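So the chains spell out like this:
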Amino acid sequence: MERQALYFTGPRQVALIREPLPSPASGQVLVKTIMSAISPGTELLVYRGLAPTDLARDETITALAGDFSFPLTYGYAAVGQVLELGPGVAPDWKGRLVFAFQPHASHFLATPDALLEVPAGLDPEEALFFPNMETAVTFLLDGQPLIGEQVAIFGQGIVGLLLTALLRRWPLSSLVTLDLYPRRRLVSEDLGAHLSLDPSEPEAMARLAAGLQQGRPYAGADLCYEISGNPAALDQAIAATGFNGRVVIGSWYGRRRSGLNLGGRFHRSRMRLISSQVSSIAPELTGRWNKARRYHTTWQSLVEIQPACFITQRFPIAQAAQAYELIDRHPEDVIQVILTY
């Protein structure tokens, strides 16, 4: 049997390659992919050749073993249906709709413990958002927003919008978001942000400060999230954060460096810079939180928010090159792009 697999063959180069696919071995299943989602953050770094080649792709996901050297397969959001069972797999696995952290390909082999069954009643397009929603849930766990706090989110890509959708349910004093692109800012305000700003405008930081305070006694944000993917935004997030505030850094900059101004107010601010990444749970939470609990919370959040409305483009896998080119060259037109099979 053959499958079509998407390979990153060099900076801004992708190829759809046919390769043999063996029958499932003992303890494995064969899954036919229905659709997969392109990550406009991490995956775009891979596409552009900006991912560090000396770093493991993911140390917690078997399907993403290896480093970021070209050529490579990548991707971590696939929904498909179990077609065949290997010896030793329970018969009731056949036909199940499943989510998998798998690269873009028409078929793949996996063990059942590497698959997540899509909850009954949840559309496959909603299930595609599982990794991004899990990331947004992790940001909440790491930032620990409190009642009455002033929160700012730098970046309203898909993860930023999901985080906004989650935070709108918090009793915050203010929720201000920032993004370069008008389309995303409009969606952000529709989701419940009190204000959404263009960070490139000369008065953006002054308007952010005013939007955060608005008569409240504490200047600056209690909590900022930097998830724009832009290293310069981290300096802005630090500048926007008040005394003893927190900055959760969820962006991955790859090989790009962030130049920070830590010589002025930051020196006396006692703020905390928090590294957040979805592959692990903060050590102080592991007494009551594990991956299974976070997965359960993620599925619940998908049911409640129904993020398929954020899909802006759908491409057949044969047109993957056009999909990546669109995301790369016209990010203002894109929120979430998916590939269909």
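Right, let's walk through the structure included here. (Residues numbered from 1 in each chain as written. Predicted model: local features only at pLDDT ≥ 70, side-chain atom pairs only at ≥ 80, totals over all residues. Heavy atoms only, no water.)

Quick word on the environment of isoleucine 158
1) Next: Structurally, isoleucine 158 is set in helix α4 (residues 158–167).
2) Next: Its relative accessible area of 2% is what places isoleucine 158 among the buried residues.
3) Next: When the C-alpha positions of isoleucine 158 and glycine 220 are compared, they lie 25 Å apart, and in sequence the two are 62 residues distant.
4) Next: The residues touching isoleucine 158, leaving out its near neighbours within four places in the chain, are Pro40, Phe129, Asn132, Phe310, Ile335 and Gln336. (Helix = DSSP H or I, 4+ residues; strand = E, 2+ residues; numbered from the N terminus. Buried < 20%, exposed > 50% of the residue type's maximum accessible area, 1.4 Å probe, protein only. Contact = heavy atoms within 4.5 Å.)

Details of the nonpolar core
1) Next: With 73 residues, the main nonpolar core has Phe99, Leu163, Leu167, Tyr225, Trp299 and Phe310 as its most contacted residues.
2) Next: Looking at this core element by element, the count peaks at eight residues for α4.
3) Next: Not counting residues up to four positions away in its chain, the partners in contact with leucine 163 are Ala136, Phe139, Leu140, Ile153, Tyr225 and Ile227.
4) Next: Listed in part, the 18 residues of the second largest apolar core include Leu208, Leu212, Leu234 and Met271. (Core = buried A, V, L, I, M, F, W, Y, C linked by side-chain atoms within 4.5 Å.)

Remarks on the pairing of strand β4 (residues 78–85)
1) Next: Alignment of strand β3 (residues 29–37) against β4, held across seven bridges, turns out to be antiparallel. From the neighbouring strand, threonine 33 faces β4, where its bridge partner is glycine 80.
2) Next: In this sheet, strand β5 (residues 97–100) lies alongside β4 in antiparallel orientation, the contact comprising four bridges. Across the sheet, residue glutamine 81 finds its bridge partner in β5, namely leucine 97. (Pairing = 2+ DSSP bridges.)

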